[in-house]
Amino acid sequence: MNQPFYSFRRMSCVIALTVFSATMAMAQSTTQPASATVPLGPNGKPLTPAEIRLREKQAKWIEEQRRYKAEMAELQRRAQVEQAEKERKKKEKEEAKAREKQEREAAKLAKQQKETEKAVTPVTEPKPATPARTPVSAPAATGPVSAASPFSTISSSNEAEEKRLAKEKKEAEELARKQAKEAERERERQQKEADRIARQQAKEAERTKAAQTKQLDEQQRRQASEAGQTNAARQKAAQATAEQQRQQTLEAERLKAEQAKQTRLAEEKTRRQAEEAERTRNKEAKKVTEAPKPDATAEAAATVPESIQSSSVKAEFLPRGHLFAPITLDPLEAQTYLSVLPVFVIDGNRYDGAYVPFSFGFGKPFYRWPTKKGRAAEVGLDIASFTQFEVYRDENDVQRRQIVNNDYKVSIFYNLRSGRNSWRFRGYHLSSHLGDDYLIRNQINYRTPNPVNYELLDVTYSRDVQKLDGMRYYVNVGYGLRKPEERRKISAQAGFYYRKPNPASGAVKFVRPVAGIDLKMWQQNDFRPGIHFAAGIELGKSTNNSLSFLIESYTGFRPYSQYESQQIQWVGLGVYLNPF
């Protein structure tokens, strides 16, 4: 009984081993092809189906690019070969044309040669002279020597012509051979150049193909690397999005708080403005009900608006306005003006033309300060250039515009003001210079005495009239610093000026009527007065830098140039501006 049992056990073991071996073989046969067909990535892991499709797509695109580059290179090579063939045919046509031209020229030369030979052939020997007309004493004249000389000359000229034609034909053939050789060399050079360009483009296409292949491989490696980092990137992106949302929430809360703060500030500002408006209405109502107290200084400021109210002065550099208002009608005041004087009379003789005085100047205080209650002082500088032009027609009836004279003035002043009263203490230098045009026209080529070159100290007092609003009068006295033999000492001046004031309601008028008169005298001219009268309008809301248009007239000594002793009169239109 033991023997059959042992045989059964042994058979069972063999069967089990056989089944196990078959199972392992089947497993290996099923798993091994899968591992062999699935490609691996850079990290050694099998690629997913999406990655496999992406790689196949990239390989297909690379193959299409390579095929496209090869086709383009082939097309370019064919185009170059066709271009070279066209150039060769063109050269051959040009060479054929050149040969035809040379052949035509050779045929033309041959034709000319034939015509020349044909023209020479009809020449015959001259007939011998008859015995009746030939003298007996001169038989040698009809001998063979004199008869043969014309033929020898013609034959020698034919030989020279033939040599010349043969030489020209040889030169033409040599030129044709040279041109043919040059055309052949040019064709070979173009063919070599086309082959070189084709080889270079083929090399460039190969390099481009290798670079694209390398770039695609690098892109595949980078994509595989990025695929491994996708999860980490997603996590970081989620964290960044959450942080951004948190920051946006905080920013929205901050903006909301800021808007609430701005709203509170706006409400507070509106409330303060309403309270201020209420206080202003109460003050206006109080001013209307109560009678105002008179203020002499304020009245003075209202009467003469270009003067600064001395009670409101504070210490400052480069202040605006003037404590002493400029004297507009003084011809030597530092201001800017232009006058056109069609009527100009010199010593009783009317000038045949127009006289045009022009001045550019200004006065500017440098420093102003209060001295006592209701008083103020300032120091400053004024400078000016006074130029006179003449406009006339010469003997050829041509209009001339020339400079007659130019005076220069510079001064330092000290001004005081107290209410309606103002003073100006001043020292200035004035020099006069005749214009080159005037010297040339009048042929002045020598030195002339010039008393208008001096220094002077003067003081001017001005008062605003209380009873006549807008009226101002002034007086001046001066003392010269030159020697009496150069210029006499004393000068004096007086005048008034009216400017219609603004109404008591405080409204500012843009247009105001103005008028005035100025009287000036010099000991140098025996105190003969120079009287300047003007009337017109003034434009501007402020009188400190207003613009005035005046009709003016003058009679008396000449206010400009070294010819101040001349007696003149003028009538014209003037435009005045004080920029400060």
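Residues numbered from 1 in each chain as written. Predicted model: local features only at pLDDT ≥ 70, side-chain atom pairs only at ≥ 80, totals over all residues. Heavy atoms only, no water.

1. Some remarks on unusual backbone geometry
Here is the rule we go by: Where helices and strands are cited, they refer to DSSP runs of H or I of at least four residues and of E of at least two residues respectively, numbered from the N terminus.
We note that D526 has phi near 60°; this positive angle belongs to a residue other than glycine. Along the chain, D526 turns up in the loop between β11 (511-522) and β12 (530-539). Phi angles above zero are rare outside glycine, and F527 is one such case at about 60°. Along the polypeptide, F527 turns up in the loop between β11 and β12.

2. Considerations on the side chain of R472
The cut-off we apply is this: Only protein chains enter the accessibility calculation, which uses a 1.4 Å probe; a residue whose area is less than 20% of its type maximum is buried, one above 50% is exposed, and one in between is partly exposed. Contact between two residues is taken to exist if any of their heavy atoms lie within 4.5 Å; hydrogens are not considered.
With respect to the element layout, R472 can be found in strand β9 (residues 471-480). Judged by relative accessible area, which is 7%, R472 ranks as buried. When near neighbours in sequence (up to four residues on either side) are disregarded, R472 contacts F324, A325, P326, I327, S462, R463, D464, G495, F496 and Y497.

3. What about the nonpolar core?
Rules: Residues belong to a common nonpolar core when they are buried Ala, Val, Leu, Ile, Met, Phe, Trp, Tyr or Cys residues joined through side-chain atoms within 4.5 Å.
With 31 residues, the main nonpolar core has F344, Y454 and W570 as its most contacted residues. Elements that contribute at least two residues to this core include exactly β2 (336-346), β5 (375-393), β7 (421-434), β8 (453-464), β11, β13 (547-557) and β14 (567-577). The contacts of Y454, once residues within four sequence positions are left out, are Y428, H429, L430, R482, R487 and W522.

4. Let's talk about the pattern of salt bridges
This is how it is decided: We define a salt bridge as a side-chain nitrogen of Lys or Arg found within 4 Å of a carboxyl oxygen belonging to Asp or Glu.
Applying the stated criterion across every chain yields a total of 32 salt bridges. Measuring nitrogen to oxygen at the nearest pair gives 2.6 Å for the salt bridge that ties R185 to E182. On the criterion of helical spacing, the pair formed by R185 and E182 is a turn pair, its members being 3 residues apart in helix α3 (residues 144-228). Since its relative accessible area comes to 42%, E182 is described here as partly exposed. Here the salt bridges do not stand alone but share partners, grouping E268, R271, R272 and E275 into one network.

5. Comments concerning the environment of L109
One can find L109 in helix α2 (residues 49-120). Using a relative accessible area of 18% as the deciding quantity, one classes L109 as buried. Each residue touching L109, except ones within four places of it in the same chain, is listed here: L165 and E168.

6. As for a nonpolar patch on the surface
Using the following cut-off: Note on patches: the residues involved have over 30% relative accessible area and no salt bridge, like charges join within 9 Å, and the nonpolar side chains Val, Leu, Ile, Met, Phe, Trp and Tyr join within 5 Å. A 1.4 Å probe and the Shrake-Rupley method give the accessible areas. Residues count as covered only by the protein chains that appear here.
A surface patch of nonpolar side chains, about 470 Å² in accessible area, is lined by F510, V511, I537, L547, F549 and L577. If you trace the backbone, V511 turns up in strand β11. The partly exposed category is assigned to V511, whose relative accessible area is 46%.

7. Some remarks on empty space enclosed by the protein
The criterion, for reference: Lining residues are defined by having an atom within 4 Å of a point belonging to a cavity or pocket. Those points lie on a 1 Å grid over the protein atoms alone, cavities being sets where a 1.4 Å probe fits but cannot get out and pockets being open sets with protein on both sides within 12 Å along at least five of seven lines. Grid points are joined across faces, edges and corners, and a volume is the space filled by probe spheres set on the points. Following the grouping adopted for this structure description, the nonpolar residues are Ala, Val, Leu, Ile, Met, Phe, Trp, Tyr, Cys and Pro, the charged ones are Asp, Glu, Lys and Arg, and the polar ones are all others, Gly among them.
As enumerated under the stated definition, the model contains 9 cavities of 30 Å³ or more in all. Its boundaries defined by the atoms lining it, the second largest cavity holds a volume of some 120 Å³. Together, H322, F324, P326, E333, A334, F362, G363, D382, F413, N415, R424 and N578 line the second largest cavity. Elements that contribute at least two residues to the lining of the second largest cavity include exactly β4 (354-370) and β6 (399-418). Among the residues making up the lining of the second largest cavity, the classes are represented as 5 nonpolar, 4 polar and 3 charged.

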